[in-house]
Amino acid sequence: MSRRPVVPPFRLVASALAAAALLTTAACSDDGAATTAADTAADQARAAERDIAEQAPTGSPTGSPTGSPTGSATASPSALTESGAKAALLTETDLEDGWNQVRDAGKWRDSMLIGQVDVAQFLTGKADASDCQELVDGLYGEDLLGKPSGASALTGFQQGDSRLLEQVAAYDRAALDDRLKWMASLPQKCDQFTLDGSGGGERTVQVTEVSVPEVGDARQGLHVTVRGDADGGPATLSLMVTAVRVGDSAVTVTGGGLDGDQKDSVEQATQAGAERLRTVLDGGTPSPQPTDLD
């Protein structure tokens, strides 16, 4: 004996609703009215069947919205706060070679960066000269990336006659990217130029590009050498400056002095600083222990 096919429950309910509607309208109406009522009841029954069918499983997986990715999206970095900027700053344990943290780093200024660019040396005119003037002014004022749009914090370290300055700050994303592109153009625009000092002495400035550790979302580095007189004798100021963007924030590290640009320490500080900033923006707390840079 063959078995009858199993009828889905929602079809049984829909059929029962349709039959009940037809019997009710036939008993309460005359021939003409019954036909109209029957048509209406049939439409209601079909609508009921559609409603029940829509409630039935479609075979799509549960617990995940249609069209949403199976994996969770990576959270965007949060906005930098004043406390977060301070927490992201380097500590002495993040650096090697005996760097000592100082309290007055925000007052550091190097007089060899004071002066006016000799525009007459630029074949391309005042445009490039203006960029070079902005470079030396930015190095002197410690605002090479421009004015922060939000929270900022600064710290500094000293080792003999060398200094290392770090700034963590929030910026406008588009303006920050433009500033990094501007930094990348300086080795060509400002390859070598003369800076006329306030006391009448001339200084020769050279600008070259340097590599930056592969950290953050975007990065740029410069090496700047200023040769002239200081304290009555010839002197050479060597600086290495790096800028790393992490989300809408950035870490800027400037290191060097009359003893050289402190390349190894600047690279170490750049990597550690970018990692600490990333930790803060991701909602974590940076470890005060030395960062493993191997």
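To be clear, the structure that these remarks concern was listed above.
Residues numbered from 1 in each chain as written. Predicted model: local features only at pLDDT ≥ 70, side-chain atom pairs only at ≥ 80, totals over all residues. Heavy atoms only, no water.

(A) Representation of helix α4 (residues 126-141) within the structure. Between its first and last C-alpha, α4 extends 22 Å over 16 residues, near the 22 Å set by a 1.5 Å rise per residue. Among all positions in α4, only Asp-128, Ala-129, Asp-131, Cys-132, Gln-133, Leu-135, Val-136, Gly-138 and Leu-139 are buried. The elements touched by buried residues of α4 are β2 (116-117), α5 (173-189), β5 (192-196), β6 (202-209), β7 (218-230) and β8 (233-246). Two residues or fewer past α4, Glu-142 is found with a positive phi of approximately 55°. (Helix = DSSP H or I, 4+ residues; strand = E, 2+ residues; numbered from the N terminus. Expected span 1.5 Å × (residues − 1). Buried < 20%, exposed > 50% of the residue type's maximum accessible area, 1.4 Å probe, protein only. Contact = heavy atoms within 4.5 Å.)

(B) Region of the structure containing the pattern of salt bridges. A full pass over the atoms with the stated rule returns nine salt bridges. For Arg-179, the salt bridge is made with Glu-134, and the minimal N-O distance between the two is 2.7 Å. With Arg-179 in helix α5 and Glu-134 in helix α4, this residue pair connects regions lying 45 residues apart in the sequence. A relative accessible area of 17% means that Arg-179 is categorised as buried. Note on Glu-134: relative accessible area 30%, which makes it partly exposed. Among the ionic pairs, Glu-267 bridges to Lys-263, the shortest N-O distance being 2.6 Å. You can see Glu-267 and its partner Lys-263 sitting in helix α6 (residues 263-281), four residues apart, about one turn around the helix. Looking at Lys-263, the relative accessible area reads 37%, which means it is partly exposed. One salt-bridge network, held together by shared partners, links Asp-177, Asp-217, Arg-245 and Arg-278. (Salt bridge = Lys/Arg side-chain N within 4 Å of Asp/Glu carboxyl O.)

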